[in-house]
Structure formats: structure tokens, C-alpha cells
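Commentary on secondary and tertiary structure
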Amino acid sequence: YKAGQIIVLRGQIVTTAQFEALEQFRLIRAKNAWQGYAGAGALTLGVAMFIYLYFSRRRMPFLRDARSLIVIAFIFSAFIIAARLSVPGRTVVPYAFPLPALGLLIATLFHMEAGIVFSVAIAILAPYGLPNMLDLLPYYLISSLIGVLALGAARRVWTFFRAGLAIAITGIVALIAFRFPFTLTDVTGLLELAGAAIFSGLASSSIALLSQYFLAQMLGLTTALQLIEISRPDSPLLQFFLRHAPGSYQHSLQVAN
């Protein structure tokens, strides 16, 4: 349908195709909306149980810090709300949305393992109930996991761009595997989706890099990048030691390493 085109006239018998079009354009609401809420609630409960049971068997430092748990809850809520507001009803935006940034950010601030777990959770929740859920779910899931694994310990700035490149490539691979064989798409559409995957990778790495810097500064969290920065030999304090106390300088380098 084109903009302004009439889908069905008053008094006309609604066909199956017209009814589907009315639903897609959100012009009607199904009477069994409560079943959708029940399904979403059940899925959310299941994902929450998965996270709880996983971390209950893993003794990780951030689990005993209320501030860290609040930060994770805030980041996760912000991403899931932004995804549910911008993804439904769009064609290309869902594939350009930087959902993998969540896993990169949590992996940087806390641990790679935490980034993987929350990437799985948000990849399941974000596309739930959407018409293209069957190709969006593996798209989000695979690209997020590969991005976190490519990021690793995040000891260098370039590792974020390496993770972004991995997300972009993996996103294109996921599109080829889960969308192209089952959905008829022309060449223009293929290029748009590939460009969306590339944008998602670059945006995810950029958001994670900038966000981890500001959150670490504001909340007093220590990241690998900060440890690398203060262990550089050209630190002013270490240079002072080198000039006035060479023995202390060597000792400080050993302690920093």
C-alpha cells in the first residue's frame, strides 16, 4: 500500500489480506491482546530465571555490589525500551539498531561473561512479537555474541572497532542465512540491509566506547583501558620517579605490571 491509499471501504467485506494490512499498520487491535501480554510476561520471567540461575552459580564480584547491579539494570532497561520504541513497524531500522552495544558495554564495565549472558537475554526480548522475529532474533543474538568475543578484555581502543567490524560482518552473514532465503528482497533492499548491518556494528562499538568511559568516570568503576593508561611508562608520576628515584621507578613498574 502507498501513503494515502484506502485499504478497505465502509461496508465492504474485509478479506484476509486487508485484515492483515490493518494489523500491520496498527489500525486495529486484536481482541486477545491479553494473551500477548501474558506471553511477553512469561518470556520475561523465563529470561529473568535464566539470568538468576546462571549467576547464582558464578561468584562474580559485581554481584555483591548494589551499585553495579543498579547500573546493569539501568543499561538493560534503557536498551530494551529504546529497541521496543524504535524497532516495531520499521523495515530497515531494526537491522541498524545498535543492540550489540549492550553486550559490549557490560563486558567492558564488568566481565565478558556478563556481557554474553545479557546479550542472550536482550536478543530474545527485543524482537519478541514482531513479524520478522524469526530473522531478527538470530541477527541480534549472533552479532552480539561475536561482538563480545571479538572485544575480549578491551585493553585497547582499537579492539572496540574490531568488535564493531565483527558485528557488521556477522550481521551480514546472519541476514544471508536467515532472511534472504525466506524473504523476497530486491538488490536495493539487500544493499540497504547490508548498510544497516554495517551501521549497527560501527554504532555499537562507538556507543560502547564512549559510554564505558563516562560511566567509569561517574561511578568510579575500573576498566581495562584505565589500568593500561595508568601503567604507561610516560605517566608524570613515573617520570618523576625515573629522574629522582630510579630504584623506586623500576619497583613501581613491576607493581603496575
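As a reminder, the structure under discussion sits directly above these lines.
Residues numbered from 1 in each chain as written. Predicted model: local features only at pLDDT ≥ 70, side-chain atom pairs only at ≥ 80, totals over all residues. Heavy atoms only, no water.

Notes on the overall build of the protein
This is how it is decided: Each helix is a run of H or I in the DSSP string that is no shorter than four residues. Each strand is a run of E no shorter than two, and both are numbered from the N terminus. A radius of gyration in this sense is built from C-alpha atoms; the matching globule rule multiplies 2.2 Å by the number of residues raised to 0.38. Three exposure classes are used, based on accessible area relative to the maximum for each residue type with a 1.4 Å probe and protein chains only: buried under 20%, partly exposed in between, and exposed over 50%. Contact criterion: two residues are considered in contact whenever any of their non-hydrogen atoms come within 4.5 Å of each other. Shrake-Rupley sampling with a 1.4 Å probe provides the accessible areas, and residues are treated as covered by the protein chains on show and by no other component. We score Asp and Glu as negative and Lys and Arg as positive, and we do not count His or the chain ends. Every charge is mapped to an atom, namely NZ of Lys, CZ of Arg, CG of Asp or CD of Glu.
Within the protein, the secondary structure is distributed over 12 helices and 0 strands. Reading the protein from its N terminus to its C terminus gives the helix and strand order α-α-α-α-α-α-α-α-α-α-α-α. Relative to its length of 257 residues, the protein is extended, with a C-alpha radius of gyration of 23 Å against a globular reference of 18 Å. Each of the three principal axes of the protein carries a C-alpha extent, and together these read 90 × 40 × 30 Å. The burial tally for the protein puts 39% of its 257 residues in the buried class. Taking all contacts inside the protein whose residues are at least 6 apart in sequence as the whole, residues at least 24 apart take part in 68%. Carbon and sulfur atoms make up 67% of the accessible area of the protein, which totals about 15,400 Å². In the protein, 18 positive and 9 negative side-chain charges are present, and the distance between their average locations comes to 7 Å.

A short note on helix 6 (residues 112-125)
Condition: Here, expected helix span is obtained from the residue count minus one, scaled by 1.5 Å.
Relative to the 20 Å expected for 14 residues at 1.5 Å per residue, helix 6 spans 20 Å between its end C-alpha atoms, a close match to the ideal helical length. The element helix 6 is largely enclosed, with a buried count of 10 among its 14 residues. If you check which residues of helix 6 are buried, you get E113, A114, G115, V117, F118, S119, A121, I122, A123 and L125.

Let's talk about the packing of helix 6 against helix 7 (residues 133-151)
To keep it simple, the criterion reads: Only the stretch in contact is used when a helix axis is fitted, and all axes are lines through C-alpha atoms; the angle between N-to-C directions ranges over 0 to 180 degrees. Working rule for angles: under 35 degrees goes down as roughly parallel, over 145 as roughly antiparallel, 65 to 115 as roughly perpendicular, anything else as oblique. Basically, the charged four are Asp, Glu, Lys and Arg, the nonpolar ten are Ala, Val, Leu, Ile, Met, Phe, Trp, Tyr, Cys and Pro, and anything else, Gly included, counts as polar.
Relative orientation of the contacting elements helix 6 and helix 7 amounts to 170°, with a least axis distance of 9 Å. Here helix 6 lies roughly antiparallel to helix 7, going by the angle between them. Contact residues: M112, G115, I116, S119, V120, A123 and I124 in helix 6; L137, Y140, L141, S144, L145, V148 and L149 in helix 7. In terms of residue class, the contact of helix 6 with helix 7 is made up of 11 nonpolar, 3 polar and no charged.

Some remarks on a nonpolar patch on the surface
To keep things clear, this is the line we draw: For patches, a residue must show more than 30% relative accessible area and have no salt bridge; joins then use 9 Å for like charges and 5 Å for nonpolar side chains, namely Val, Leu, Ile, Met, Phe, Trp and Tyr. Criterion for a salt bridge: a side-chain nitrogen of Lys or Arg within 4 Å of a carboxyl oxygen of Asp or Glu.
On the surface, a nonpolar cluster with roughly 590 Å² of combined accessible area is contributed by Y1, V14, F19, F25, L27 and I28. Considering the arrangement of structural elements, one finds L27 in the loop between helix 1 (16-24) and helix 2 (33-56).

Digging into the packing of aromatic side chains
Put simply, the rule reads: In summary, the pairing rule links any two rings of Phe, Tyr or Trp, Trp by its six-membered ring, whose centres are within 6.5 Å, and it sorts them by plane angle into stacked for under 30 degrees, edge-to-face for over 60 and tilted for everything else.
Here the structure, examined in full by the defined rule, presents 9 aromatic pairs. The interplanar angle of 85° and the centroid separation of 5.4 Å between the aromatic rings of Y54 and F55 together place this pair among those described as edge-to-face. The exposure class of Y54 is partly exposed, given its relative accessible area of 29%. Residue F55 is classed as buried on the basis of its relative accessible area, which comes to 6%. With centroids separated by 5.3 Å and ring planes inclined at 75°, the aromatic side chains of Y95 and Y139 adopt a geometry described as edge-to-face. Residue Y95 is located in helix 4 (residues 93-96), and its partner Y139 is located in helix 7; the two are separated by 44 residues in the primary sequence. A relative accessible area of 0% places Y95 in the buried class. Three or more aromatic residues joined by ring pairs form one cluster here, namely F50, Y54, F55, F76 and F118.

Details of the environment of I176
Of note, I176 is situated in helix 8 (residues 158-178). Between the C-alpha atom of I176 and that of T16, which follows or precedes it by 160 residues, the distance is 30 Å.

With respect to the side chain of R179
Note the following rule: The term polar contact refers here to a pair of N or O atoms within 3.5 Å; inside protein, the definition further demands a hydrogen-donor-capable atom paired with an acceptor-capable atom, and it admits residues adjacent in sequence only when both atoms are side-chain atoms.
Looking at the element boundaries, R179 is found in the loop between helix 8 and helix 9 (187-219). Accessibility expressed as a relative area gives 13% for R179, which makes it buried. Side-chain polar atoms of R179 contact the side chain of Y95, separated by 2.9 Å. Setting aside anything within four residues of it in sequence, one finds R179 in contact with Y95, D135, A174, T185 and L193.

Remarks on helix 8
Residues three or four positions apart in an α-helix share a direction because the helix packs 3.6 residues into each turn. An ideal rise of 1.5 Å per residue puts 30 Å on 21 residues; helix 8 measures up with 30 Å between its terminal C-alpha atoms. Residues of helix 8 that are buried include every one of T159, F160, A163, G164, A166, I167, A168, T170, G171, A174 and L175, and no others.

Regarding the environment of A83
Among the secondary structure elements, A83 is positioned in helix 3 (residues 66-86). Relative accessible area serves as the criterion here: at 2%, A83 is assigned to the buried category. For the pair formed by A83 and L151, sequence separation is 68 residues and the distance between their alpha carbons is 23 Å. Excluding residues that lie within four positions of it along the chain, A83 makes contacts with P88, F97, L99 and A126.

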